[in-house]
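Chain residues, written in single-letter form:
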There are 2 protein chains.
Amino acid sequence: MPGSSADGQRPRVVIVGAGFAGLSVAKRLARAPVDITLIDRENHHLFQPLLYQVATAGLSPADIAWPIRSLVRDQRNTSVLLGAVTGVDCVQKRVIMAHHHIGYDVLVLATGATHGYFGNDSWAAHAPGLKTIDDATEIRRRLLLAFECAEMESDARERERLLTIVIVGGGPTGVELAGAVVELARKALAADFRSIDPQQTHVLLVEAGPRLLPGFPEPLSSHAERALRRVGVDVRLQKAVTHCSATGVTLGDESVSAGTVIWAAGIVASPAVNWLAVAGDRVGRVLVGPDLRPPGMDDVFVIGDTALVQDVAGKPLPGIAPVAKQQGAYVAEAIKAHLAGKTALPPFRYRDRGLLATVGRKTAVIAFGRLRLKGWFAWWIWGIAHVYFLISVRNRLIVVTQWLWSYVSYERGARLITGMRTKSRFFD
Amino acid sequence: MPGSSADGQRPRVVIVGAGFAGLSVAKRLARAPVDITLIDRENHHLFQPLLYQVATAGLSPADIAWPIRSLVRDQRNTSVLLGAVTGVDCVQKRVIMAHHHIGYDVLVLATGATHGYFGNDSWAAHAPGLKTIDDATEIRRRLLLAFECAEMESDARERERLLTIVIVGGGPTGVELAGAVVELARKALAADFRSIDPQQTHVLLVEAGPRLLPGFPEPLSSHAERALRRVGVDVRLQKAVTHCSATGVTLGDESVSAGTVIWAAGIVASPAVNWLAVAGDRVGRVLVGPDLRPPGMDDVFVIGDTALVQDVAGKPLPGIAPVAKQQGAYVAEAIKAHLAGKTALPPFRYRDRGLLATVGRKTAVIAFGRLRLKGWFAWWIWGIAHVYFLISVRNRLIVVTQWLWSYVSYERGARLITGMRTKSRFFD
C-alpha cells in the first residue's frame, strides 16, 4: 500500500459505495491526511434494514435516507461524486466512470450486492427485489394497485389472483416483508374497500431451504414460522420458484396465480470481481484475505456485501450492517496505520453484534452469541436498536412518531401510489 | 335535480375529483341517504398548499397526502374508484372511464386545474409545473441533480447555467417556490459541495404582470418583492417567457441560460367544459350560476378550480382551498335540501378566509378583508394555519417536527434524488 501518491500529494483514497461499509471508512478517515473521494450511484445513504417498511407504506423514503454530502459535510478531506463506476484500471490505478477517470492510491470497493434470479433475469420485471428507494416505491405501488384493481374486478378468480401476494425468500427480508404485508392488508386496508375484503388476502412466503431465517439458530426459525402462520402467512418450505410470469409463479409442479410477486431470494454481488479480475465465489463476491484485500493486491480493499470473508470457523460472515461497519472501521485503521509507518494490523475479526429480525407486529427474534430471544421483549429491543442506529435526531423523532401512530391506529402513513400515470392501466 | 334514481334505489351521487372541493362534498354527505362514488386519478388527497415544500426537499410526499379511501372509510354510503374520467354522457347520465361507465343521478365535477403553457405544450418537458406528488418529486430531482452536475462540470459557463434556476409565474406558488429554492441552495446545500459554491445560485422569478401576488393588495406585493430581493431572488416583472428549451428560457429579447425551469404560471381547467359541452372562459373554466350549476343543467354541479364563480362585485373567486371547500359544503347542502323536498338554497356566497403566502424563511403576507399582515407575525399565523388544516395528528406532528428541525438546523429533510437510474446521464 503506497504511502503517498506519485506526485507527492496526499494519498488519494477512493471509496466506491456509500453504504454502511464505505461510509464507515470515510467517516473514520475524517481527520487523516488523505484526500477521499466517495462515489455512489445514489445521492443518499440508505438504512436498508428498514427498507421493507417503505415498501409496505409504513415509512417515507426520506425517513431512512440521508444525503451522502451532508453526512461528510464537515470533513474537508472528502469529496462526494454521484455516478456509476463501470470498471477499475488496476495498472494505471484509476476508477472508470461514464465521463471520468478517478486516480487512486488506495481503493476501497464497497459496492454492495443485489438480489439474484439464479440466471433468470427476465423474472426481474415480474418479481422486483428490494434494494433501493426506487425498488421500495415500486413494490409499494404494485401492492397498493393490486387492491385497487381487485376492487374494480368483477371476475372472482381474477380478484383472488390480485389478492395473492407471493414473497420469494425466507431470509430476514422475506420474513419481515411477509409480516408487514399481512399487517398492511388485514389491518390498515381492512375497512377501506367496498367490493373486496382485504382480510382475504393470501400471502405466501416461499423458501427453497428447509427452514426460515437459515442464518439463525433453529429454534428461532421455528418461532418465526409459527408466528407468521399464526397471523395467516402461508409459509412454503422446500419449494423453489421454477418460473415467474406476469400472472404468478410456478413452484415445481404447483402453479400459483398472484397479483404481486416480491423477490427477496438470492444475492449477487456487484461486478467488482470482474473489475479486479480476481477470484470470486458462486454469487460473485470477491475472495479476500484476513486483511480484507484480494490476494496479491496491495492497494485495494473489498468490504461489505461485495466481499466473502470467513469467520474463524470458516463460515462466511453474514451480509448485515454490523459486519460492513466493522470492516469499514478496520480498513480505515489499516490505512491510518500504514500512513503512520506502522506494521500491518492483525487480521480482521468480526465481533458478533447479533442477528435480529421482526416477525409481524409484536414479535421478533434475536440471536446474540448463545443468547436467544424471541417474542415482545425481542421486538422492543429490535425497535430501540433500529431507532438508535438511524442518523440524526430528526429521523429518530419521525420514525418513532410513525411507529407509535401505526401501533395505536393500525394505519400505515405512506400509502401513496406514485409514478402511476406513466405505468398504469388506469390511464391507457 | 331528481330525487331518486330511475329504479327506486337511493340517489347516486358521483363526485369526480377528491381535492378540497370534491372531498368536502363527500364528507358532508356522510349521513345522507345517497350512494356516493368518489372518483380520482390518484389514490390520495393532496394538501396542495404545501406541495412546494416537497419540491424543495423540505417535506416528504406522505406528510401532505392521505389515501382517499381512508378519509371516507367510515362512510358506508361512499365508494372510492381509482381511475381517469374521459367524458360525461349527459343524456344517459353516466360518467365515462377507460373500462367503466358509472351512472349518476347527481354529478359533481371537481376535477381541478393544471398549469397552462399558453398553447406551447412542448415547453412542459423543459419547465415542469407543480400540481401532483410526481410533479414535486420530479422538480426536486431536477433541482438537486443540477447541483450534482455543476459539481462535476469543468466548464465555468455551463456551471453557471446549471446553477441558474428560473421560476415562471409570480403568484403564490412562484413566490413560495422562489423563497424555498433560495433557502435550499444558500443554506441547506451551502457547505456540501467542494467545486461549486451553492451561494452563487442565481434564482430568477419571472412575472408577466406589473407586480408579484397579483391577487393580493398592492402593499403586500411590494413587501413580498422586497423580501425576496433581500434574500437574493432576481425578481423580473413585466417579463413574459417567449420560449423554453432544454438549456433555458427566452424573455422577449433576453436569453437566460438555466439548468432548471419551473412553471408556476398560467392555469388550465380540466376538460370538464368539453365533457359537458357548456360555455367556458378563456382557460376552460365552466361558467356556473350562483347555484354552482351550469345554466340549464339540473343535475350537474361544477366546483373548485374547474368552475368560474364570481363574487358579488363580479370578480372571479381565487383558486384556493377555502373557496373549494365552501363550494363543496354548499353543494352538499343543496343535495340534502333537495332530498328533503325543500326549496332551492340561496345563491352561493364566499366567506372570505383570507389570502396567505410565505415569502422565504421568516416572513409571510396575509390579506384578510381590510386587515393586512406582513412579516414574522404573519409567518407564524401562516404556519399555524397550515398545520391546523392538515388531516390527522400524525401528519401535524411530522410536519411540525420537520419544520422545527429545518428552522433550527437549516437542513432540508428530504433531499432525495429518486427515479434517477432510468432518466439520468449518470447511467448512460
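Please read all numbers here as calculations on a predicted model, not as lab measurements. (Residues numbered from 1 in each chain as written. Chains lettered and ligands numbered in written order. Predicted model: local features only at pLDDT ≥ 70, side-chain atom pairs only at ≥ 80, totals over all residues. Heavy atoms only, no water.)

Visitor: I would appreciate a short explanation of the interface of chain B and chain A in the present structure.
Guide: Quite often, the size of an interface is put as the accessible area lost when its parts meet. Residue-level contacts link 60 residues of chain B with 59 residues of chain A. Carbon and sulfur atoms supply 53% of the area that chain B and chain A bury against each other, a total of about 5,400 Å² over both sides. For the interface between chain B and chain A, the tally reads six salt bridges. Linking R73 of chain A and D192 of chain B is a salt bridge whose minimum nitrogen-to-oxygen distance equals 2.3 Å. (Contact = heavy atoms within 4.5 Å. Buried area = accessible area lost by both parts, 1.4 Å probe. Salt bridge = Lys/Arg side-chain N within 4 Å of Asp/Glu carboxyl O.)

Visitor: Quick question: what am I supposed to make of the UniProt feature "transmembrane region" (unreviewed entry) in chain A here?
Guide: Here, UniProt's "transmembrane region" (unreviewed entry) annotation points to residues 376–393 of chain A. Helix makes up 83% of residues 376–393 of chain A and strand makes up 0%, while its end C-alpha atoms are separated by 25 Å. (UniProt positions renumbered as here; feature names shortened; annotations may be inferred. Helix = DSSP H or I, 4+ residues; strand = E, 2+ residues; numbered from the N terminus.)

Visitor: Just checking my understanding: could you explain the packing of helix α1 (residues 20–28) of chain A against helix α9 (residues 321–339) of chain A for this structure?
Guide: When two helices pack together, you describe them by how their axes are tilted relative to each other and by the distance separating the axes. Residue and element names in this part refer to chain A. Where α1 meets α9, the closest approach of the two axes is 7 Å, and the angle between their N-to-C directions is 35°. Regarding α1 and α9, the two cross each other, and that crossing is right-handed. Residues F20, A21, S24, V25 and R28 of α1 touch α9, and the partners they reach there are A321, A324, K325, G328, A329, V331, A332 and K336. Across the contact of α1 with α9, the residue classes tally to eight nonpolar, two polar and three charged. (Axes fitted to C-alpha atoms, helices over the stretch in contact; angles between N-to-C directions. Left-handed = near helix turned anticlockwise from the far one by under 90°. Nonpolar A, V, L, I, M, F, W, Y, C, P; charged D, E, K, R; others polar.)

Visitor: Please clarify how the pattern of salt bridges should be interpreted in this entry.
Guide: Pairing is possible between side chains of opposite charge, provided their charged atoms come close. Per the stated rule, a full pass over the model turns up 40 salt bridges over all chains. Note that E148 of chain B is salt-bridged to R69 of chain A, the shortest N-O span being 2.6 Å. Residue E148 of chain B is found in helix α4 (residues 133–152), and its partner R69 of chain A is found in helix α3 (residues 68–71); the two belong to separate chains. Of the two residues examined, E148 of chain B and R69 of chain A, each falls in the buried class. (Buried < 20%, exposed > 50% of the residue type's maximum accessible area, 1.4 Å probe, protein only.)

Visitor: Would you mind showing me how to read the sheet that holds strand β8 (residues 101–103) of chain A here?
Guide: Note on sheets: strands pair through backbone hydrogen bonds, and any given pair is parallel or antiparallel. Residues and elements named next belong to chain A. Pairing is antiparallel across the open sheet formed by three strands, whose spatial order is β6-β7-β8. The strands lining the two open edges of the sheet, one partner per strand, are β6 (85–89) and β8. Adjacent strand axes in the sheet meet at a mean angle of 20° when their direction is disregarded. Inspection of the sheet shows strand β7 (residues 94–97) paired to β8 by three bridges, in the antiparallel sense. Directly across from V95, in β8, lies its bridge partner I102. (Pairing = 2+ DSSP bridges.)

Visitor: Looking at this structure, how should I read the state of the cysteines?
Guide: The bond known as a disulfide is covalent and runs between the sulfur atoms of two cysteines. According to the stated counting rule, one finds zero disulfides over all chains in the structure shown. Summary of cysteine pairing: C149 of chain A is not part of a disulfide, and the nearest cysteine sulfur, belonging to C244 of chain A, is at 19 Å. (Disulfide = S-S within 2.5 Å.)

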